Amino acid sequence: MLFFTCTGDGASTKNRGMTDAAIKDLFDIVDQNKDGKISIAEAIARGFKEDRVKTLFAKYDADNDGQLNLQEAIALVRGENLSL
């Protein structure tokens, strides 16, 4: 899974070329309760490192609700800035 394996502050070069559909497929796998958002607990439950998840949520959770929606996840994977 590519969501939380980015290095540095942005996505790796290979992540930037992913289509929205491919990112949504990954998003749907991590979104275990199918509420349309990924929580920190869901990401950690999928095996991602807690400190990395928290760092990326702090950067990409643009609406500060403690979860990532699809738009925020797309920005994360592509290493883009997201403004609401």
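Coordinates for the structure precede this section.
Described below are features of the structure shown in this document. (Residues numbered from 1 in each chain as written. Predicted model: local features only at pLDDT ≥ 70, side-chain atom pairs only at ≥ 80, totals over all residues. Heavy atoms only, no water.)

Notes on unusual backbone geometry
How we decide: Think of it this way: any DSSP run of H or I at least four residues long counts as a helix, any run of E at least two long counts as a strand, and we number them from the N terminus. Exposure categories follow from relative accessible area, calculated using a 1.4 Å probe and restricted to protein chains: below 20% of the type maximum is buried, above 50% is exposed, and the middle band is partly exposed.
The residue Lys34 is not glycine, and still its phi comes out positive at about 60°. Relative to the helices and strands, Lys34 resides in the loop between helix 2 (20–30) and strand 1 (38–39). Judged by its relative accessible area of 55%, Lys34 is exposed. Its identity as a non-glycine residue notwithstanding, Asn64 has a phi of 55°, on the positive side. Within the fold, Asn64 resides in the loop between helix 4 (50–60) and strand 2 (67–68).

Considerations on the nonpolar core
For clarity, the threshold we go by: Definition used in this section: a nonpolar core is a set of buried Ala, Val, Leu, Ile, Met, Phe, Trp, Tyr and Cys residues joined via side-chain atoms within 4.5 Å.
Counting 18 residues, the largest nonpolar core has Ile38, Tyr60, Leu68 and Leu76 as the members making the most contacts within it. Within the residue set of this core, elements represented by two or more residues are helix 2, helix 4 and helix 5 (70–78). In terms of residues, this core owes the most to one element, helix 5, which gives five residues.

Topic: helix 5
Keep this limit in mind: For this analysis, a polar contact is any N or O atom pair within 3.5 Å, provided that within protein one partner can donate a hydrogen and the other can accept it, and provided that sequence-adjacent residues contribute only side-chain to side-chain pairs.
Most of helix 5 is tucked away: seven of the nine residues are buried. When helix 5 is considered as a whole, its buried residues turn out to be Glu72, Ala73, Ile74, Ala75, Leu76, Val77 and Arg78. Where helix 5 begins, the side chain of Asn69 points an oxygen toward the backbone nitrogen of Gln71, at a separation of 3.1 Å. Directly after helix 5, the chain includes Gly79, whose backbone phi takes a positive value near 70°.

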